[in-house]
Every structure is written in C-alpha cells, then in structure tokens.
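Below are the chains, spelled out letter by letter.
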Amino acid sequence: MTAADRLMRDDYASQALGIEIVAAEPGDVTLRMTVRRDMLNGFGITHGGMVFALADTAFAFACNEGETVTVAAGADISFLAPTREDDVLTAHARRVSLRGRSGIYDVTVTTASGDVAAEFRGRSRTTSTSID
C-alpha cells in the first residue's frame, strides 16, 4: 500500500468529494475528481473551494511520502479558468523543493481537454508525529 493509499483510506473529506488516485510516487501525485452539481456555486461554475480541496489533497498526498506526518504551512491558488458540472478535473502535484522539514510543492489542475483551470503552490512542514 502506497502512502497515498494509506492517506486516502482515512481521508473522509476526499472520499466524499469523489477524489480518486490516478498515480502516486514519492513527491509526485496525480488525482482526479468529477465536478458534481452540489459542487457548483451560484454562477453555475465549480466553487473555488472545491478546486482548492482537490489541489490541496494532491499536495498533501505528494508531501506525505515518509513515515512522519507532513502538514500544510500555507498555500496559494490562482483560478485561471472556470469549470462546470461533469467536468473531470485532474490535479498533478510535484515537489519543487525539500530542505530539512520544509517543502514547496506545485499543483496544476486541468480539465479533460487539457486546459489549466488553476495553479496552486503549497508550503509543507514535516512534524515529529508518525503516520500510523
């Protein structure tokens, strides 16, 4: 079982959003989510929080590659294009830098047609807590 599989097993929020693991390697994870009607805002486009949740989950899975818990120290997102119901979003997270207990990870969220919907940058901090 990969670290991403272990995280997904107990990640009820991601399960509720229908997030699926496409590929997972240490420091490099790809996830997928289909936009549902209950994920839309009042303008009929995907709520930014849903796009952020997908990107944040990919970030979390990419930075938790060892035996200790790594958490977000901060994150930023730029929304570049709207997405809509039934769009399949893919989030690809990759490690940019890891120095000591601090890391930087970039996540690109794309549509099935390859359009970039969002760019996310997460800053991680590894704790002394072991992953069970």
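Cut-offs applied
Residues numbered from 1 in each chain as written. Predicted model: local features only at pLDDT ≥ 70, side-chain atom pairs only at ≥ 80, totals over all residues. Heavy atoms only, no water. Helix = DSSP H or I, 4+ residues; strand = E, 2+ residues; numbered from the N terminus. Buried < 20%, exposed > 50% of the residue type's maximum accessible area, 1.4 Å probe, protein only. Contact = heavy atoms within 4.5 Å. Phe/Tyr/Trp six-rings, centres within 6.5 Å; stacked < 30°, edge-to-face > 60°. Core = buried A, V, L, I, M, F, W, Y, C linked by side-chain atoms within 4.5 Å. Salt bridge = Lys/Arg side-chain N within 4 Å of Asp/Glu carboxyl O. Pairing = 2+ DSSP bridges. Axes fitted to C-alpha atoms, helices over the stretch in contact; angles between N-to-C directions.

Draft legend 1. Up close: the overall build of the chain. A tally of regular secondary structure across the chain gives three helices and six strands. N-terminal to C-terminal, the α/β element order of the chain is α-α-β-β-α-β-β-β-β. In terms of its C-alpha atoms, the chain occupies a principal-axis envelope of roughly 45 × 25 × 25 Å. Taking all 132 residues of the chain together, the buried fraction comes to 36%. Pairs at least 24 residues apart make up 62% of the contacts formed inside the chain by residues separated by at least 6 positions.

Draft legend 2. Broad picture of the packing of aromatic side chains. One pass over the structure, following the stated rule, counts three aromatic pairs. Between the aromatic rings of Phe59 and Tyr105, the centroid separation amounts to 5.8 Å while the plane-to-plane angle is 55°, which identifies the pairing as tilted. Linking Phe59 in helix α3 (residues 48-63) with Tyr105 in strand β5 (residues 102-110), this pair joins segments that are 46 residues apart in sequence. Of the aromatic side chains, those joined through ring pairs into one cluster are Phe52, Phe59, Tyr105 and Phe120.

Draft legend 3. Summary view of the nonpolar core. By size, the foremost hydrophobic cluster in this structure holds 26 residues, and its most contacted members are Ile19, Leu31, Met33, Leu54, Leu89, Val107 and Val109. Taken together, the elements giving at least two residues each to this core come down to α1 (3-10), β2 (28-34), α3, β4 (88-99), β5 and β6 (116-130). With eight residues, the top contributor of residues to this core is α3. When residues no more than four places from it in sequence are discounted, the contact partners of Leu54 are Ile19, Leu31, Arg32, Met33, Leu89, Ala91 and Val109.

Draft legend 4. Region of interest: the pattern of salt bridges. All chains considered together, the criterion is met by seven salt bridges. A salt bridge links Arg36 to Asp38, with the shortest nitrogen-to-oxygen separation between them at 2.9 Å. The salt bridge involving Arg37 is made with Glu85; its shortest N-O contact spans 3.4 Å. Here the residue Arg37 occupies a position in the loop between β2 and α3, and Glu85 occupies one in the loop between β3 (68-79) and β4, the gap between them amounting to 48 residues. On the basis of relative accessible area, Glu85 is assigned to the partly exposed category, the value being 30%.

Draft legend 5. Region of interest: the sheet that holds β6. The strand order across the open sheet built from six strands is β1-β2-β4-β5-β6-β3, with neighbouring strands paired in antiparallel fashion. Either end of the sheet is taken by a strand with one partner, and the two such strands are β1 (20-25) and β3. The average undirected angle you get between the axes of adjacent strands in this sheet is 20°. Strand direction decides the pairing type here: β4 and β5, joined by nine bridges, are antiparallel. The partner of Leu98 across the bridge, within β5, is Gly103. Packed onto the sheet, α3 meets β1, β2, β3, β4, β5 and β6 and runs at close to 150° relative to β2.

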